[in-house]
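# Descriptive structure summary
Listed below are the residues making up each chain.
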Amino acid sequence: MAALTIATGTGNWFSALALGVTLLKCLLIPTYSHSTDFEVHRNWLAITHSLPISQWYYEATSEWTLDYPPFFAWFEYILSHVAKYFDQEMLNVHNLNYSSSRTLLFQRFSVIFMDVLFVYAVRECCKCIDGKKVGKELTEKPKFILSVLLLWNFGLLIVDHIHFQYNGFLFGLMLLSIARLFQKRHMEGAFLFAVLLHFKHIYLYVAPAYGVYLLRSYCFTANKPDGSIRWKSFSFVRVISLGLVVFLVSALSLGPFLALNQLPQVFSRLFPFKRGLCHAYWAPNFWALYNALDKVLSVIGLKLKFLDPNNIPKASMTSGLVQQFQHTVLPSVTPLATLICTLIAILPSIFCLWFKPQGPRGFLRCLTLCALSSFMFGWHVHEKAILLAILPMSLLSVGKAGDASIFLILTTTGHYSLFPLLFTAPELPIKILLMLLFTIYSISSLKTLFRKEKPLFNWMETFYLLGLGPLEVCCEFVFPFTSWKVKYPFIPLLLTSVYCAVGITYAWFKLYVSVLIDSAIGKTKKQ
């Protein structure tokens, strides 16, 4: 707080926030050093450093094969040339599960260093925030609140700096592309997003929002008085320019593998549909509720002797295995079914963005809905993918009370759903303390920002969020001492997944209703 007070007087409060979270990241270096993602990225360092490019997407000595797009592979290649000065042994493909203190330090510091891009992107996003709700105190200013919500985001802290991944700089690219669209620098925004897609293909989830918004707001240069498209304003030059940007980035990324006739192999690694509907721990989405319902119906069916135990599939949906399985009562789900559900879920938001555009803010709401819809209905969704909706929703939260309410429900529930990532005792107090601090700040700061409007939560939402406390006590402090721990070890994960799925589904539905109502109101005003 002393540093923040000094920064306030000099106008450098943002630097103080960034420095503070960087110091926290350094303090987290020794935590949870046995995450599987350490070995995943160490193996990718070894593959790209010691093998020719023609073998990158064929190498399978380790089970953690390279399954990210080529730009991320080149990123690992560049990192490997720094890594060799820390510990050359980490770059040996055959050194499976290799670990050393120098390897750990290199991997941790590489994530912290790459977060510089995320810090810069947050600063650019803060410049795009409407300053109408400006409080007298620094801590009541929307830009300050947004900076804390992004820089100190609990989810990013535990996923990148305890569990270990490189999400920070990837989200930095996404936020920077969003900022550029807000600043009407459309070509830069398109370029940054195209680059991002070739770093991590999960961002395809939000590609429809980018494509429709750029076509509607950049390629069409004018609207009619009622807000509808003026078709004669279509610019072939602009659409060709956008297409050229996407083509050149894609050619740079995929060109070498096209020349090697390896594109089918690359795509088979990027889209492994042989994996199951759900990850080892069910992401808290629609399919978690679907699986849970199937489990309940199967238990009831067995009790009432409607089902034959010999005909029930042996593969357990809660065994922790990443595999394909058959549902017992409900119809089994295929990748095609999840794709159709996802497309149906995002169509209304895309429709609103095209026919009832509301500027960059409308784009941001559509982007968040695309991310949430893909999370809700996608195939083999990881629980960490919820951050793809939480971070852009942070920008919306400081603009309207309704969006702030949705953000708080989504972020509190989504962040709690990440708890199973850190399942060892030493990390338990860390994750509880960090989440409590972030959640208390988020709620209190946004309540202060919108104190002149109606309460952010109704009684039902308050009751639901408070329920996370007893759930945590039950899963972490009660269940381990019961006899069920041996016979039903999956119950804490099942309870966490299903309970959080209810909250995330509610936030998704509430945001959708808000977008559709706002679009209808906007159309009425124009008429």
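Residues numbered from 1 in each chain as written. Predicted model: local features only at pLDDT ≥ 70, side-chain atom pairs only at ≥ 80, totals over all residues. Heavy atoms only, no water.

## Regarding the overall build of the chain
Secondary structure summary: the chain contains 22 helices and 0 strands in total. For the chain, the C-alpha radius of gyration of 24 Å lies close to 24 Å, the compact-globule estimate for 527 residues. In terms of its C-alpha atoms, the chain occupies a principal-axis envelope of roughly 65 × 55 × 55 Å. Long-range pairs, those at least 24 residues apart, make up 75% of the contacts in the chain between residues at least 6 apart in sequence. (Helix = DSSP H or I, 4+ residues; strand = E, 2+ residues; numbered from the N terminus. Rg over C-alpha atoms; globule rule 2.2 N^0.38 Å. Contact = heavy atoms within 4.5 Å.)

## Some points on the environment of Leu 204
Topologically, Leu 204 is positioned in the loop between helix 9 (186–197) and helix 10 (207–219). Considered as a pair, Leu 204 and Ala 371 are 167 residues apart in the sequence and their alpha carbons are 9.1 Å apart.

## A few points about the packing of aromatic side chains
Throughout the structure, instances matching the rule amount to 39 aromatic pairs. Here the aromatic rings of Tyr 464 and Tyr 499 are separated by 4.6 Å at their centres, their planes lie at 5 degrees, and the arrangement is stacked. Linking Tyr 464 in helix 19 (residues 459–466) with Tyr 499 in helix 22 (residues 491–526), this pair joins segments that are 35 residues apart in sequence. Looking at Tyr 464, the relative accessible area reads 14%, which means it is buried. Here the aromatic residues Phe 38, Trp 44, Tyr 68, Phe 71, Phe 72, Phe 75, Phe 164, Tyr 166, Phe 169 and Phe 199 are joined through ring pairs into a cluster of three or more. (Phe/Tyr/Trp six-rings, centres within 6.5 Å; stacked < 30°, edge-to-face > 60°. Buried < 20%, exposed > 50% of the residue type's maximum accessible area, 1.4 Å probe, protein only.)

## Here's the deal with the state of the cysteines
According to the stated counting rule, one finds 0 disulfides in the structure shown. Looking at Cys 125, it has no disulfide partner, and the nearest cysteine sulfur is the one in Cys 128, 6.0 Å off. With no disulfide of its own, Cys 366 has Cys 370 as its nearest cysteine by sulfur position, at a separation of 4.2 Å. (Disulfide = S-S within 2.5 Å.)

## Some points on the pattern of salt bridges
Throughout the structure, instances matching the rule amount to 12 salt bridges. The salt bridge partner of Lys 127 is Glu 124, with a shortest N-O separation of 2.9 Å. Judged by relative accessible area, Lys 127 falls into the exposed class, the value being 52%. Glu 124 sits in the buried class, given a relative accessible area of 5%. Three or more residues joined by partner-sharing salt bridges are found here, namely Glu 124, Lys 127, Arg 180, Arg 185 and Glu 188. (Salt bridge = Lys/Arg side-chain N within 4 Å of Asp/Glu carboxyl O.)

## Remarks on a nonpolar patch on the surface
Taken together, the side chains of Leu 293, Val 296, Leu 297, Ile 300, Leu 304, Phe 306 and Val 329 define a hydrophobic patch exposed on the protein surface, amounting to about 630 Å² of accessible area. As for its placement among the helices and strands, Val 296 is situated in helix 13 (residues 286–303). (Patch = residues over 30% accessible without salt bridge, like charges linked within 9 Å, V, L, I, M, F, W, Y side chains within 5 Å. Areas by Shrake-Rupley, 256 points an atom, 1.4 Å probe, with all protein chains shown as cover.)

## Considerations on the confidence of the model for the chain
For the chain, mean pLDDT is 88; residues scoring 70 or higher make up 90% of the total. Below a pLDDT of 50 lies the segment residues 316–323, which in the model reaches 21 contacts outside its immediate sequence neighbourhood of four places, other chains included. (pLDDT = per-residue confidence, 0-100.)

## A word on helix 7 (residues 154–164)
Along helix 7, 11 of the 11 residues are buried, which leaves the element largely enclosed by surrounding structure. Among all positions of helix 7, only Phe 154, Gly 155, Leu 156, Leu 157, Ile 158, Val 159, Asp 160, His 161, Ile 162, His 163 and Phe 164 are buried. One side-chain oxygen at the N-terminal end of helix 7 lies 3.0 Å from the backbone nitrogen of Gly 155; it belongs to Asn 153. (Polar contact = N/O pair within 3.5 Å; in protein donor to acceptor, adjacent residues only side chain to side chain.)

## What about the environment of Pro 272?
Take Pro 272: it is sitting in the loop between helix 12 (263–270) and helix 13. We classify Pro 272 as partly exposed; its relative accessible area is 27%. Along the backbone, Pro 272 and Lys 295 are 23 residues apart, and their C-alpha atoms lie at a distance of 26 Å.

## Brief notes about the environment of Cys 125
Topologically, Cys 125 is positioned in helix 5 (residues 101–126). Of the residues examined, Cys 125 reaches a relative accessible area of 1% and is grouped as buried. Note: C-alpha distance between Cys 125 and Phe 267 (142 residues apart in sequence) is 33 Å. Those residues in contact with Cys 125 that lie beyond four places of it in its chain are Leu 146, Leu 175, Ala 179 and Leu 395.

## Considering the packing of helix 10 against helix 11 (residues 236–259)
Put simply, helix 10 and helix 11 touch, their axes get as near as 10 Å, and they point 145 degrees apart. You can see that helix 10 and helix 11 cross each other, and the crossing is right-handed. Contacts between helix 10 and helix 11 involve Leu 214, Leu 215, Tyr 218 and Cys 219 from the former and Arg 238, Val 239 and Leu 242 from the latter. The residue makeup of the contact of helix 10 with helix 11, split by class, is 6 nonpolar, no polar and 1 charged. (Axes fitted to C-alpha atoms, helices over the stretch in contact; angles between N-to-C directions. Left-handed = near helix turned anticlockwise from the far one by under 90°. Nonpolar A, V, L, I, M, F, W, Y, C, P; charged D, E, K, R; others polar.)

## What to know about unusual backbone geometry
Its identity as a non-glycine residue notwithstanding, Asn 97 has a phi of 60 degrees, on the positive side. The residue Asn 97 is located in the loop between helix 4 (70–83) and helix 5 in this model. Look at Asn 261: it is not a glycine, yet its phi comes out positive at around 60 degrees. Here Asn 261 falls in the exposed class, since its relative accessible area comes to 65%.

## Section: helix 14 (residues 335–355)
The end-to-end C-alpha separation of helix 14 is 30 Å, in line with the 30 Å expected for 21 residues at 1.5 Å each. Remark: the principal bend of helix 14, roughly 35 degrees, maps to Leu 347, with a proline, Pro 348, within the next four residues. Every buried residue of helix 14 is listed here: Thr 338, Thr 342, Ala 345, Ile 346, Ser 349, Ile 350, Cys 352, Leu 353 and Trp 354. (Expected span 1.5 Å × (residues − 1). Bend = angle between axes of the 7 residues up to and from the residue.)

## What about the side chain of Ser 233?
With respect to the element layout, Ser 233 can be found in the loop between helix 10 and helix 11. On the basis of relative accessibility, which here comes to 10%, the residue Ser 233 falls in the buried class. Non-local contacts of Ser 233, meaning those with residues more than four positions away in its chain, are made with Cys 219, Phe 220, Thr 221 and Ala 222.

## A look at the side chain of Asn 43
One can find Asn 43 in helix 3 (residues 36–50). In this structure Asn 43 comes out as buried when scored by relative accessible area, which is 1%. A distance of 2.9 Å separates a polar atom in the side chain of Asn 43 from the backbone oxygen of Trp 64. If we skip the residues at most four places from it in the chain, Asn 43 touches Ser 62, Trp 64 and Val 93.

## Here we look at the packing of helix 6 (residues 142–151) against helix 16 (residues 387–397)
The angle between the axes and the distance between the axes are what describe a pair of packed helices. Two elements in contact, helix 6 and helix 16, have axes separated by 9 Å at closest approach and are oriented at 170 degrees. By the criterion of interaxial angle, the relationship of helix 6 to helix 16 is roughly antiparallel. For the pair formed by helix 6 and helix 16, the contact residues are Leu 146, Leu 149 and Leu 150 on the first element and Leu 391, Ser 394, Leu 395 and Ser 397 on the second. Classifying every residue of the contact of helix 6 with helix 16 by side-chain character gives 5 nonpolar, 2 polar and no charged. (Parallel < 35°, antiparallel > 145°, perpendicular 65-115°, else oblique.)

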